[in-house]
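# Structure assessment
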Amino acid sequence: MDAFRRRVGGFAFGGDYNPEQWDRSVWQEDMRLMREAGVNTVSLGVFAWASLEPEPGRYEFGWLDEIMDLLHDNGIGVNLATPTAAPPVWLTHLHPEVFPIMADGQPFGFGNRLHYDPSSPIYREYAARITTKLAERYSFHPALAMWHISNEYGPTAYNEAASVNFRRWLQRRYGTLEALNDAWSTRFWGQLYTGWEQIEVPNIPRTWMNPARRLDFKRFTSDALLECFIAERDIVRSFRDDIPVMTNFMRFYRNADYWRWAPEEDAVALDIYPNPAEPDSHVSAAFNYDLFRSLKGGRPWLLMEQAASAVSQWKLNVVKEPGRMRLGSLQAVSRAADSVMFFQWRASRGGHERFHSAMLPHSGPDSRTFREVADLGRELRLLAPVAGTTQRAQVAILFDWDGWWGLEEVAGLPRNDFSYTDTVMRHYTPLWERHLPVDVVSAASPLDGYQVLVVPNAYLIGDEGVARIEAFARDGGTVVMSFFSGVVDDCNRVRPGGYPGAFRRLIGAKIDEYWPARPDEVFAVEFADGRRATATWWRDDLRLETGKALATYADGLLAGRAAVVENHYGAGRVIYVATLLEQEALDAVVADAVARAGVRSRFEGVPAHVECSVREDDAHEYVFLLNHSARESASVPLDGGTDLLTGVPVSGQVVLGPLGAAVVQAPRA
Amino acid sequence: MDAFRRRVGGFAFGGDYNPEQWDRSVWQEDMRLMREAGVNTVSLGVFAWASLEPEPGRYEFGWLDEIMDLLHDNGIGVNLATPTAAPPVWLTHLHPEVFPIMADGQPFGFGNRLHYDPSSPIYREYAARITTKLAERYSFHPALAMWHISNEYGPTAYNEAASVNFRRWLQRRYGTLEALNDAWSTRFWGQLYTGWEQIEVPNIPRTWMNPARRLDFKRFTSDALLECFIAERDIVRSFRDDIPVMTNFMRFYRNADYWRWAPEEDAVALDIYPNPAEPDSHVSAAFNYDLFRSLKGGRPWLLMEQAASAVSQWKLNVVKEPGRMRLGSLQAVSRAADSVMFFQWRASRGGHERFHSAMLPHSGPDSRTFREVADLGRELRLLAPVAGTTQRAQVAILFDWDGWWGLEEVAGLPRNDFSYTDTVMRHYTPLWERHLPVDVVSAASPLDGYQVLVVPNAYLIGDEGVARIEAFARDGGTVVMSFFSGVVDDCNRVRPGGYPGAFRRLIGAKIDEYWPARPDEVFAVEFADGRRATATWWRDDLRLETGKALATYADGLLAGRAAVVENHYGAGRVIYVATLLEQEALDAVVADAVARAGVRSRFEGVPAHVECSVREDDAHEYVFLLNHSARESASVPLDGGTDLLTGVPVSGQVVLGPLGAAVVQAPRA
Amino acid sequence: MDAFRRRVGGFAFGGDYNPEQWDRSVWQEDMRLMREAGVNTVSLGVFAWASLEPEPGRYEFGWLDEIMDLLHDNGIGVNLATPTAAPPVWLTHLHPEVFPIMADGQPFGFGNRLHYDPSSPIYREYAARITTKLAERYSFHPALAMWHISNEYGPTAYNEAASVNFRRWLQRRYGTLEALNDAWSTRFWGQLYTGWEQIEVPNIPRTWMNPARRLDFKRFTSDALLECFIAERDIVRSFRDDIPVMTNFMRFYRNADYWRWAPEEDAVALDIYPNPAEPDSHVSAAFNYDLFRSLKGGRPWLLMEQAASAVSQWKLNVVKEPGRMRLGSLQAVSRAADSVMFFQWRASRGGHERFHSAMLPHSGPDSRTFREVADLGRELRLLAPVAGTTQRAQVAILFDWDGWWGLEEVAGLPRNDFSYTDTVMRHYTPLWERHLPVDVVSAASPLDGYQVLVVPNAYLIGDEGVARIEAFARDGGTVVMSFFSGVVDDCNRVRPGGYPGAFRRLIGAKIDEYWPARPDEVFAVEFADGRRATATWWRDDLRLETGKALATYADGLLAGRAAVVENHYGAGRVIYVATLLEQEALDAVVADAVARAGVRSRFEGVPAHVECSVREDDAHEYVFLLNHSARESASVPLDGGTDLLTGVPVSGQVVLGPLGAAVVQAPRA
């Protein structure tokens, strides 16, 4: 990736480019306008399989040769895609069994993308062939800057081939049927398997479903997709191993466990379409950026796709108002993105996404959108020194696909409207609002170096993860944990010994029973210092053991019982929140835990709507100040350094207008 | 049709008659009560296939002979149906492939009606055979007054036979695969077709779908149904060509393009079930009546089915309160219906529609419903001179199936909750409330003779339609156009050159970007004369070229930009409304445009709830005054002529009680 | 059942026991804790098929032998289940056609329970074999106390085997196709059948469906399930006929007509999970308890499954708050339950229902739940004399599956949002609140001995049922009937002669037309004595014949027409309510009718939240007083007898704290 960074001279800037949709006359205009906009990188060929191989085994590379040369002549590097996300119609016509069977039992037919069962040997064979052809031809083309393997891996398939592959996966995982029957608790409802061939993908996910089978199917699906990625990656690497290889991930995407994927890539890349109609979409964007930085242990990541303005896939697609696209782009950069890329360069005339905005919209270069794009290109060049630097954090938050699947993929919980990402965001938001840098960790991540670990709703967590959190606390760390954590093991079985099986010692309390609340119930909670707050949605009926109550219920049948518990565990401190506190009260609990752990933000006192982040390398730090308010200005105390966007030295404070931004470079102390 | 009109002596009055459901003893009572009610026409045999051909090739015509004779003896003409809307169970048992495959991939099984794939050669063969048999036997029966081909053509089928037929249709339309790939923009998402056999009906309409493929499938489905109609029509005509042939259409029915169907029929006929629970259902009924009159260029049309009181197909089926059925029937007549027919004559005891009201209800002749039916029969005889006359209009409104499909059949628009018919009704209502006669036109209709053309949301419109509207304006016409018009061509591709591609010159403005509004956004709009109004839902970000602002936004990020544009184009005037104005403000814009075009209603000042229409022939005019209010009386200034319903001469004014009606005959000036 | 009652020494107490889910070490703890809790009965082996027959024809009975012995050694009787509700995976793997095809055309796959088509000959064969094996081995085991045939019979299947069986069922019912065509009104929409093989299950229940076909399919499905029950019952009886045989039914379960099932069982048993989040769930529980007592003509019934606290199958599963489980259990006993059983004994670690509460919860014996269970066990032993006694009533309420299916299984009614059970509860509640004992009757039940019969919304009722109600009234009974009764016959055909066909003479009025109300309509109703009330949802347009108006509409188009009718019929009195009165007004109508019929509660004046019931035998009566309020105490006047729960004699009154209960034994007068 360093070589790639040098090649683009800082940030990669550009977008998906689909020249096969246009006449050659348009290509020339594209080159001119790309230069005008400062584009240095394009993703090419993402959906070009049918154009490259219009019939089985007959290839048409001429147009691609031509455009690769043209791009190179114009100084634009190519992130060349294997086109395997969009199998040609001839392939599925010859082999309809490649179409993924959906949850409703019907094939997902031709007309969209991702119309393949990742377990299909036929799909894999054809995908390997076109990948090989591309690698043969372009591995040493001077325009080649990166490999973009397929696109937004995602389909869940219930095909017969998936069942075959699922059985293999289970055999590798469990070895024997006895082990599988035990892991899946198949004695319940008499689901005992007595032959591997009896096992099928949970082909119709009726609401009532063996939870362990469903969980393993989610793991398997992620792994089956990953096998596809690895197969193509290995092909391109077999030709040349000094070109970075990636695929593009998605925001809060439940079908692939990115913790397992990230190590297989040279860089992680994110497609993100925050909804401009949602007032807090930039906060969940920030979390995803932190996640992506963390996926590869703090290394810069790639913003691979975003929209220049509106998208078209929702019921209502509002535009990004003036200044919002720029601010959002800088926000990604502030959290260690090393690229700003768009889907797509030029708006299509036809096809499903013809109203998805592009860098070059239907209204042409004389348009607000193109002007904002070109301005951003200019600004990114000013920020070139920032590329390659990263961010450090003392606070970590647990985010884990197993836990997500546990809560949302199967019914049968005390309540069945959990939103894992909502819960995570409720715990991340107070940190974000206080300008505290946060790393995201999985249950398998090392925790040394952190002072505080936030554990939101870790319902399903394996023994190793439990041990790692216990060790973190024992060694002096602060743990903030929310209710319904540590409940089931990694086979989705309730842990014995009383709730919360995994964390009873850690939190110093036993839970007699979970008490989900009725929709209209509101409880009063009183803190030890007399502050009162309200709570809803959930209560633990909790018996303190070594823990003590930081807050208790002030009314209801559980009046007097603990609502927030503090437990000293080894050298550490554990805060356990046993109910859904109103956000302000939860903020205070989190803030207090962080403060008592000795973690402080250098931007304390800056209003929440001004996002403050720091990237740094050995020599410099880069302070990003981003005002998300379209109405209010703000001034941030800061002394020294130079705003790279304006070239103006900073002394005393930085003043930001509505939607304003500054990136202050300063030597490290 | 003139012969038919003479035969019935004015208006056709009656309903669907299903004697095969009843014992012969009931038939005699039917005849007596039909005579009592003034019935002169019945639709016979609509669902009688299984009764006529109980086994393949074995026919039972005896009962039909008998009832045809009986009806004739009682002076009742027969609109004889080919029974092909309801294939017998033996047919689908022998040939299950006839069942239409639904969007969800499952066959639409036996139990309803319309259980056939219109592309099925088997269905077509059996349908032709029973049609031939009927025509052989009854073409010269003296009771035969009209042919009723099948019933409410409508099924959409995703069968293999449909794919075969779809390919043929596409080959006719496009000739080459190259042309199809271009028209469908298949380079997007790599959907290039390299063999005709690869093309299938869009068998599972996932939300993301090639928009051109979907559009063509809708066109194809309409045409496949029309092929069925034409085949049966040609059979009956081959026996005798002086009997009118029709089929019954439906209100606001999206699956068949009636503009393409109407020329193939001798008369257009409408089944309409305005919901009595909806306060404005009579206004949308009026629009449909105007549409049906316009479908055959102003010729009278047939009201083929309505309910005597409640229907049974909705979740909630309220009755037509006393007087409403009469008023609604006269409303159809006032807009050039030449018949008032019901589904059905006698309420069924069993089957799905047993609670659908009938002319003769379950409670028998001693009932409110039967009394109102018989009264209506009497009144229609008084109105006999009106039959055959028509209505003239100076205002036209565009209503087009292509445009409808463009907005509602595919996702991926800036917002995906367009309702084409709602938008049309928003523009029709101010005309209706001002008693202005309106013709409905398609994009292919001639426009000469109109002063004003209203173009609501013509999102998808072909080059010919665009040219026709431009010519209309150039030649001095007034065009009122609403936002998101002229956007895509007839292949559903965005028109190049900046929005609104087709109409940029016409409206004298370029649109930089479409700005759908958030649900809670309300904008202030200020008109040039200082009036203010609110707008919601949508804004164009618009740059005036030759146009000037009639109104601008008074707040928000687009403050000062045009919300309503006036452009002088050739000798004409174009008003473009770039946002969703509150109804009152839109009414004013429409009314002002009409007034400035010199079009006035002779009923100006009459309250909106009194619907005023005029039918006329060379010698007379017939003024219909219909008071839709159940609470308020009204008086309408009118001098001369005679109220045909009462025989009372009119002088000075006509006074209408609640739900009252008058039909004033006067010599033409 | 008397022998069974003697065996358990009063009440059966225990739950489902699934030892196959646990190690043998746990079994010993189970025995100890069961004794501690007072368990005397367990349901064993309900889902054990795969554990008993892990491969076709290979049996593993060792573990079951062991546990049967162990239970017997601990004095615990076994309700031994045939495990046929959960076919092993090997069975469906060998014979996938056993999977039931669902309404959407897809098979209900493996992973839940009840994954079988009851018409499948293969399923029936395998089920018979395992049943035979079990009966061979355990019929004379000393632990065997009862046979539990399968579990919660319920699946609806649209398989080919179901069609075959459906045809056989129809042939038995109708004999000839002519009769079937007539019964099904197949002339409507041309659905005439000309060969039995043409008839299929209504495989895709589209909204528009032949109502008689759908009705018969519901009847058939119930009967097909019953055939399965009878086959297994006959097998176990063939070995030994002195062990009671039952299966477990469900609360308000629409798929099986329990009136047809009950005579085939030795006792009826109920699984009931009142939702603690619904404030009135104990009232609908009371109705179900009365129904179950009535299903076998007043004989005590078995509470077979309930939850110790929360369930897990809903979106939100709230706990039973302290004291609620005990009170609910005593409520069942008060209405003639002779057992209190739970699902299940010990909470599972894995599988779908791992969060369904159990007698022994995840938190172990040191838990609120286990303590409440053990306390209940103790109390039930104190109540032993009550077992075997029953309850008597002078008021009956009609509840009938045919009527239910008529209203809710097919569309096409004047309105299509009827809830039969809601309507029944609206009529039952005033009786319950006034402490009036109620029996539930079917249209075929004898009615002698009752003073009052309440007939809620008997839309579909056969001629025999009509005659029985007429005779009841003629002989002096009081009938309270609500609107839309007597409309269709048992073939779902509208009865001729004007609405309400069946009951026109009984109510002394003819209905011209049904007038469903718009959602926002509220009508004023005035009673003869001047009281006013409101009504919504529905009005009959009614013409009095022999009846007179007890109340009339005071506004609207039907002002002055009757809203409540009184008719003297023979020696009896009929009250007909022609609209949806507000609940308070309906309560008064019902209460007045009951009072005028001379029926009085001995608990008049006791607040509604104190449920008062009496069980009795020849020698004693047992007065149950149950305070459902968690906030208010209550005192009930009562003199004499002894509270069995406390051993304290009663004089003058019984004082009940919040959620308090008393069971007062006294000699019969």
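Scoring rules and cut-offs
Note that residues are indexed from 1 along each chain, following the sequence as it is written. Key to labels: chains lettered from A, ligands numbered from 1, both in the order written. Given that this is a predicted model, residues contribute local features only at a pLDDT of at least 70 and side-chain atom pairs are listed and counted only at 80 or more, while totals for whole chains, interfaces and linings are drawn from all residues. Values reported for side chains reflect all heavy atoms of the structure, with hydrogen atoms and water molecules removed beforehand. UniProt positions are given in the numbering used here, feature names are shortened, and annotations may be inferred rather than shown by experiment. Helix and strand labels come from DSSP, where a helix needs a run of H or I of at least four residues and a strand needs a run of E of at least two; each type is numbered from the N terminus. To get the radius of gyration, use the C-alpha atoms; to get the globule rule, take the number of residues to the power 0.38 and multiply by 2.2 Å. We call two residues contacting when some pair of their heavy atoms lies within 4.5 Å. Calculation of accessible area relied on Shrake-Rupley with a 1.4 Å probe; when residues are assessed, cover is drawn exclusively from the protein chains displayed. The copies are overlaid by a least-squares fit using only the C-alpha atoms of residues whose pLDDT is at least 70 in both copies. Any two strands are treated as partners once DSSP identifies two or more bridges connecting them. Only the contacting stretch of a helix is used when fitting its axis, a line to C-alpha atoms as for every element, and angles between N-to-C directions run 0 to 180 degrees. Comment on the angle field: the value is read as roughly parallel under 35 degrees, roughly antiparallel over 145, roughly perpendicular from 65 to 115, and oblique elsewhere. Should the near helix be turned anticlockwise from the far one by less than a right angle, the crossing is termed left-handed; should it be turned clockwise, right-handed. Gly counts as polar in this scheme, as do all residues outside two lists: the nonpolar Ala, Val, Leu, Ile, Met, Phe, Trp, Tyr, Cys and Pro, and the charged Asp, Glu, Lys and Arg. Remark: exposure states derive from per-residue accessible area (1.4 Å probe, protein chains only) relative to the maximum for the residue type, with buried under 20%, exposed over 50%, and partly exposed in between. Put simply, buried area is the surface a 1.4 Å probe can reach on two separate parts but cannot reach once they are joined, added for both. Whenever a carboxyl oxygen of Asp or Glu lies within 4 Å of a side-chain nitrogen of Lys or Arg, that contact is scored as a salt bridge. Think of a polar contact as two N or O atoms within 3.5 Å of one another; within protein, one of them needs to be a possible hydrogen donor and the other a possible acceptor, and neighboring residues in sequence only count if both atoms come from side chains. Helix span is expected to be 1.5 Å times the residue number reduced by one.

Per an unreviewed UniProt entry, chain A goes by the name Beta-galactosidase and belongs to Nonomuraea aridisoli. The annotation that UniProt attaches to chain A under Catalytic activity (unreviewed entry) is "Hydrolysis of terminal non-reducing beta-D-galactose residues in beta-D-galactosides."

## Quick notes on the overall build of chain A
When helices and strands are counted, chain A shows 18 helices and 26 strands. Here the C-alpha radius of gyration of chain A, 26 Å, is about what a compact globule of 669 residues would show, namely 26 Å. Taking as baseline every contact in chain A between residues at least 6 positions apart, the subset at least 24 positions apart corresponds to 71%. Accessible surface, chain A: about 21300 Å² in total, of which carbon and sulfur atoms supply 49%.

## As for the relation of the copies chain C and chain A
Rotating chain C by 120 degrees about the axis while translating it 0.0 Å along that axis superimposes it on chain A, leaving an RMSD of 0.1 Å. These values place the two chain copies in the arrangement generated by a three-fold rotation axis. The fraction of interface residues of chain C whose copies in chain A are also interface residues is only 4%, indicating that the copies meet through different surfaces.

## What to know about the sheet that holds strand S26 (residues 661-667) of chain A
All names here are of chain A. Strand order in the open sheet formed by 4 strands is S21-S22-S26-S24, and the pairing between neighbours is antiparallel. The open sheet is flanked by strand S21 (610-616) and strand S24 (642-643), the only strands paired with a single partner. Pairing analysis gives 7 bridges linking strand S22 (residues 620-627) to S26, with the strands arranged antiparallel. Bridged to His 620 within S26 is Pro 667. The strands touched by helix H12 (residues 324-334) within the sheet are S21, S22 and S26, with S22 carrying the most contacts at an inclination of about 150 degrees.

## Focus: the UniProt feature "domain: Beta-galactosidase C-terminal" (unreviewed entry) in chain A
Taken from the UniProt record, the annotation "domain: Beta-galactosidase C-terminal" (unreviewed entry) applies to residues 610-665 of chain A. Across residues 610-665 of chain A, helical content stands at 0% and strand content at 54%; the span's end C-alpha atoms are separated by 18 Å.

## Topic: the packing of helix H12 (residues 324-334) of chain C against helix H13 (residues 368-382) of chain C
Residue and element names in this part refer to chain C. Running from amino to carboxyl end, H12 crosses H13 at an angle of 30 degrees, the nearest separation of the two axes being 10 Å. Taken together, the axes of H12 and H13 lie roughly parallel to each other. In this structure, H12 crosses over H13, and the sense of that crossing is right-handed. Contacts from Met 325, Arg 326, Ser 329, Leu 330 and Val 333 in H12 reach Glu 372, Val 373, Leu 376, Glu 379 and Leu 380 in H13. For the contact of H12 with H13, the per-class residue count stands at 6 nonpolar, 1 polar and 3 charged.

## A few points about the UniProt feature "binding site: substrate" (unreviewed entry) in chain A
Feature annotation in UniProt assigns "binding site: substrate" (unreviewed entry) to the following positions: Arg 113 and Asn 151 of chain A. A stretch of 39 residues holds the annotated residues, and the largest C-alpha distance among them is 9.4 Å, short enough that they meet in one place. Inspection of the secondary structure puts Arg 113 of chain A in the loop between helix H5 (89-94) and helix H6 (121-138). Looking at Arg 113 of chain A, the relative accessible area reads 10%, which means it is buried. The contact partners of Arg 113 of chain A, leaving out residues within four places of it in the chain, are Phe 47, Ala 85, Phe 108, Asn 151 and Glu 152 of chain A together with Trp 189 and Trp 208 of chain B.

## Concerning the interface of chain C and chain B
Each side of the interface is counted separately: chain C has 55 residues, and chain B has 51 residues. Both sides of the chain C and chain B interface together cover about 4700 Å² of buried area, and 54% of this is carbon and sulfur. Our enumeration of links across chain C and chain B arrives at 3 salt bridges. Ionic pairing is found between Arg 368 of chain B and Glu 513 of chain C, a salt bridge with its closest N-O pair at 2.9 Å. On the surface where chain C and chain B come into contact, there are 20 residue pairs in polar contact (both at pLDDT 80 or more). Looking at the side of chain C that touches chain B, the elements with two or more residues in it are helix H9 (211-239) and strand S14 (509-516) of chain C. Classifying every residue of the side of chain C that touches chain B by side-chain character gives 26 nonpolar, 13 polar and 16 charged.

## Comments concerning the relation of the copies chain C and chain B
Placing chain C over chain B gives an RMSD of 0.1 Å and needs a rotation angle of 120 degrees, together with 0.0 Å of translation along the axis. A low fraction, 4%, of the interface residues of chain C reappear at the interface in chain B, so the copies pair through non-equivalent surfaces.

## Focus: the pairing of strand S23 (residues 634-637) of chain B
Residues and elements named next belong to chain B. Burial along S23 is one-sided: the residues Ala 634 and Val 636 are buried and none of Ser 635 and Pro 637 is. Alignment of S23 against strand S26 (residues 653-656), held across 4 bridges, turns out to be antiparallel. Paired with Ser 635 across the bridge in S26 is Val 655.

## Side note on the interface of chain C and chain A
Listed by partner, the interface residues are 49 residues for chain C and 55 residues for chain A. Counting each side, the surface lost to burial between chain C and chain A is near 4700 Å², with a carbon and sulfur contribution of 54%. Sorting the residues of chain C by area buried against chain A places Arg 349, His 352 and Phe 355 of chain C first, and these three jointly supply 16% of that buried surface. In this structure, the connection of chain C to chain A is made through 3 salt bridges. When the shortest N-O distance is used, the salt bridge between Asp 489 of chain A and Arg 349 of chain C registers 3.3 Å. Connecting chain C to chain A are 21 residue pairs in polar contact (both at pLDDT 80 or more). Contributions of two or more residues to the side of chain C that touches chain A are made by helix H3 (49-52), helix H5 (89-94) and H13 of chain C.

## Section: the sheet that holds strand S7 (residues 269-271) of chain C
Residues and elements named next belong to chain C. The sheet built from 9 strands is open, its strands ordered S5-S4-S3-S2-S1-S9-S8-S7-S6 with parallel pairing. Two strands bound the open sheet, and with one partner strand each, they are strand S5 (245-246) and strand S6 (248-250). Pairing geometry for strand S2 (residues 41-44) and strand S3 (residues 77-81), over 4 bridges, is parallel. Opposite Ser 43, over in S3, you have Asn 79 as the bridge partner. Against the sheet, helix H4 (residues 62-73) makes contact with strand S1 (12-17), S2, S3 and strand S4 (144-148), and its axis sits at roughly 170 degrees relative to S2, the strand it touches most.

## A closer look at the side chain of Lys 218 of chain A
Residues and elements named next belong to chain A. Structurally, the position occupied by Lys 218 is in helix H9 (residues 211-239). Taking the relative accessible area as the measure of exposure, Lys 218 reaches 3% and is therefore buried. A distance of 2.7 Å separates a polar atom in the side chain of Lys 218 from a polar atom in the side chain of Asn 255. If sequence neighbours within four positions are ignored, Lys 218 has contacts with Thr 156, Arg 254, Asn 255, Trp 405 and Glu 409.

## What to know about helix H11 (residues 281-295) of chain B
Relative to the 21 Å expected for 15 residues at 1.5 Å per residue, H11 of chain B spans 21 Å between its end C-alpha atoms, a close match to the ideal helical length. Just downstream of H11 of chain B lies Gly 297 of chain B, where phi reads positive at about 65 degrees.

## Focus on the pattern of salt bridges
All names here are of chain A. This model, assessed by the stated rule, comprises 167 salt bridges over all chains. Its salt-bridge partner being Asp 402, residue Arg 219 comes within 2.9 Å of it at the nearest N-O pair. Placement of Arg 219 in helix H9 and of Asp 402 in helix H14 (residues 401-408) is noted, with a sequence separation of 183 residues between them. The exposure classification of Arg 219 matches that of Asp 402, with both residues buried. Among the ionic contacts, a cluster of salt bridges with common partners joins Arg 214, Lys 218, Arg 254, Glu 408 and Glu 409.

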